[in-house]
Amino acid sequence: MNSEIESRHLRALIAVADEGTFTDAAITLGVSQSAMSRTLIQFEQIVGVTLVRRTTRTLSLTPAGLACYPAAVDALRALEAVGDAATGRIRPLRIGYSWAAFGRHTTAILRAWRAAHPEQPVEVHRIDERTAGLRNGAVDLAVIRSALTDPTLHERMLFVEGRLAAVPTGHPLAGIANVSLAQLAGETLAWTPTIGTTTLDLWEPGAGPVRTVEVDNVDEWLTVIAAGDAVGLTPESTSFTHSHPGVRFRPVQDVPPVSVRLAWPRVSPHPAVEIFADLARNVVENGELI
C-alpha cells in the first residue's frame, strides 16, 4: 500500500460509495462534509486518478474507484488484524444477515456458540444488502441466501429450505394447504429484487405476477402484504423469524428450494469464522433446536 495512503482515505472511499453523497458519508463516519470532501480529494491526489464521479446530486465510483473499493475493504480488514495481533484484543465476531438469520436454527446456534466459546463474543446485525455487510467490511461473517459470484469470498453450505407463499389473512389462498406458482400468477408481488431470493424467472415467461411492488426490507414487505396490497414468496425461515398477525404463510411445492450459506472474506478473515461455521453446521446437522 502506498505509504501516503491512510485508513481515513480508505474509509472515506467506502463510505462515499455506500452512501452516495458527501453528506451521508460524513454522517456515517462522524466527520464534517468538508472534511470528507478534502479527504477524498487528497486520496485522489495521492493515487493520481479520479476515484469518484461527482454530479450536482449524487456521487458514484469511477472505474478506478470501483477497482479500489474491494482492495480498500481488504486493507482495512488487514489493519484490524494487525491491531488485534499487537494488542491481543479479542474483537467480537460480527455476523450479518439481510432477512431471517438462521431461521429456526438461530437461537440454537447462538446459544451453542456462547456455551462452547464464552471468551469470543458474537454480535448479530441485520444489514439489508446482498452480502449483508460483507461488501463494505461491516461484518466478518454473513448468512447468505442469494447467489454470490464473488471470488474474494469463501462460502460454506449450511442447509436448504423450502419456500412459502405469504398472503394476507382473508385471501383465498390463506385457507389452502399448499400453493402453486400458478396460483400466485395474476397477483401483485411484493419483493426486494436487490437482496431477495424471489425472481420473476421462477415463472414461465408471461405467466408471473401482473405487477410488482418493490420494498426495501422484510418489515415493509410484511406491511404491504398484511394491508392486502400484494402477496409474497419467501424462504421458510421468514415465517419463523417474522411472524405477523395479518399474514398467512403457505408452502409452495413447485419451486426450487433456497440454499442457506455462510460467507466470509478470503483475505484477513476474523480468526473465529471457520470455527463458528463448523459449529453452526454441526448444530444444523444434529437437529438441535431451541
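The following paragraphs examine the structure supplied in this document. (Residues numbered from 1 in each chain as written. Predicted model: local features only at pLDDT ≥ 70, side-chain atom pairs only at ≥ 80, totals over all residues. Heavy atoms only, no water.)

Considering the sheet that holds strand β12 (residues 258–265)
The line we're drawing: We call two strands paired when DSSP finds no fewer than two bridges between them. By the criteria applied, helices consist of DSSP H or I runs no shorter than four residues and strands consist of E runs no shorter than two, each listed in order from the N terminus. Orientation is described by axes fitted as lines to C-alpha atoms, over the contacting stretch for helices, and by angles from 0 to 180 degrees between their N-to-C directions.
Pairing is mixed in the open sheet, where five strands are placed in the order β4-β3-β5-β12-β6. Each edge of the open sheet is held by one strand with a lone partner, namely β4 (122–126) and β6 (153–161). The sheet shows a mean angle of 20 degrees between the axes of neighbouring strands, direction not considered. Note: strand β5 (residues 141–144) against β12, three bridges, orientation antiparallel.

With respect to the nonpolar core
Note the threshold: Side-chain atoms within 4.5 Å link the members of a nonpolar core, which is a set of buried Ala, Val, Leu, Ile, Met, Phe, Trp, Tyr and Cys residues. Each residue is assigned to one of three classes by its accessible area relative to the maximum for its type, calculated with a 1.4 Å probe on protein chains only: buried under 20%, partly exposed between the two thresholds, exposed over 50%. Throughout, a contact is declared for two residues whenever any of their heavy atoms are within 4.5 Å.
In this structure, L93, F102, I109, L141, V143, L262 and F276 are the most contacted members of the largest nonpolar core, which totals 24 residues. Mapped onto this core, the elements with two or more residues apiece are β3 (93–97), α5 (106–116), β5, β6, β12 and α9 (273–285). With seven residues, the top contributor of residues to this core is α9. Residues in contact with F276, not counting those within four places in the same chain, are L93, I95, F102, I109, L110, W113, V122, L141 and L262. Listed in part, the 23 residues of the second largest apolar core include L10, I14, I46 and L76.

Overview of the pairing of β4
What counts, and what does not: Looking down the strands as they point away from you, a crossover is right-handed if its path from the first strand over the helix to the second goes clockwise.
With five bridges connecting them, β3 and β4 associate as parallel partners. Bridging from a neighbouring strand, G96 pairs with H125 of β4. After leaving β3, the chain enters α5 and then returns to the sheet as β4, a path that is right-handed.

Re the pairing of strand β7 (residues 163–168)
Burial of β7 is extensive: six of the six residues sit out of reach of the surface. Covered by surrounding structure in β7 are R163, A165 and V167 together with L164, A166 and P168, the residues of both alternating faces. Relative to strand β10 (residues 232–235), β7 runs antiparallel, the two sharing four bridges. By the bridge assignment for β10, A165 is matched with L233. In terms of strand pairing, β7 meets strand β11 (residues 247–252) through six bridges, oriented antiparallel. Each residue of the ladder has a partner; that of P168, found in β11, is V247.

Structural notes on the side chain of T39
Positionally, T39 belongs in helix α3 (residues 33–47). Residue classification places T39 among the buried residues on the basis of a relative accessible area of 12%. In this structure, T39 is in contact with R8, H9 and A12, ignoring residues within four places of it in sequence.

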